[in-house]
Amino acid sequence: MSTATTDGIRVTVEPTFWPERSTPESGQFAFMYKVEILNEGSAPAQLHARHWVITDAQGHIDEVKGEGVVGRQPKLGPGERFEYTSWAMLRTPFGTMRGTYEMVRPDGTRFEARIAEFALTLPHALH
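Reading guide: rules and limits
Residues numbered from 1 in each chain as written. Predicted model: local features only at pLDDT ≥ 70, side-chain atom pairs only at ≥ 80, totals over all residues. Heavy atoms only, no water. Helix = DSSP H or I, 4+ residues; strand = E, 2+ residues; numbered from the N terminus. Buried < 20%, exposed > 50% of the residue type's maximum accessible area, 1.4 Å probe, protein only. Lys, Arg positive; Asp, Glu negative; His and termini not counted. Salt bridge = Lys/Arg side-chain N within 4 Å of Asp/Glu carboxyl O. Polar contact = N/O pair within 3.5 Å; in protein donor to acceptor, adjacent residues only side chain to side chain. Contact = heavy atoms within 4.5 Å. Core = buried A, V, L, I, M, F, W, Y, C linked by side-chain atoms within 4.5 Å.

S.K.: Which residues make up the side chain of D56, and what are the values?
M.R.: Along the chain, the position of D56 falls in strand β4 (residues 45–56). Buried charge without a partner: D56 forms no salt bridge, and the closest opposite charge is R91, 4.0 Å away. Reaching out from D56, the side chain makes a polar contact with the backbone nitrogen of Q58 at a distance of 2.9 Å. Contacts of D56, omitting those with residues within four sequence positions, involve L90, R91, T92, F94 and G95.

Next comes the structure, spelled out in structure tokens:
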């Protein structure tokens, strides 16, 4: 699990291996991750875009950029939270993910809310 707070926006991610979507013999390892975005600050903010950096155990990097998350651009007032679940596929039994959410304040100010790096690990792959 990872947690990071930037300008009052706390992002917590909890990853899990997804065996039903994985075929290890073909080099496909699926991981689900649950994200909670909580506005702990005093000003509203809207999630505008995402940027993920996914690195497998061989050092191969995939970057994913796009608008919103799961088709939404949630607005978070002070004390409000937004949760969603997504997934990623690796070619190795472990790797990492990290990233940022581009957030926008009502006055147009933009900032990058950090998503702290977290491990994607096949159970019992690391001893």
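S.K.: Describe the nonpolar core, naming the residues involved and giving the relevant values.
M.R.: Grouped together as the largest cluster of nonpolar side chains are 27 residues, with contacts concentrated most on I37, W52 and Y101. Mapped onto this core, the elements with two or more residues apiece are β2 (9–17), β3 (29–39), β4, β7 (81–90), β8 (94–104) and β9 (110–121).

S.K.: Describe unusual backbone geometry, listing the residues and the values that go with them.
M.R.: In this structure, D7 is a non-glycine residue whose phi angle is positive, near 45 degrees. You can see D7 is positioned in the loop between β1 (2–6) and β2.

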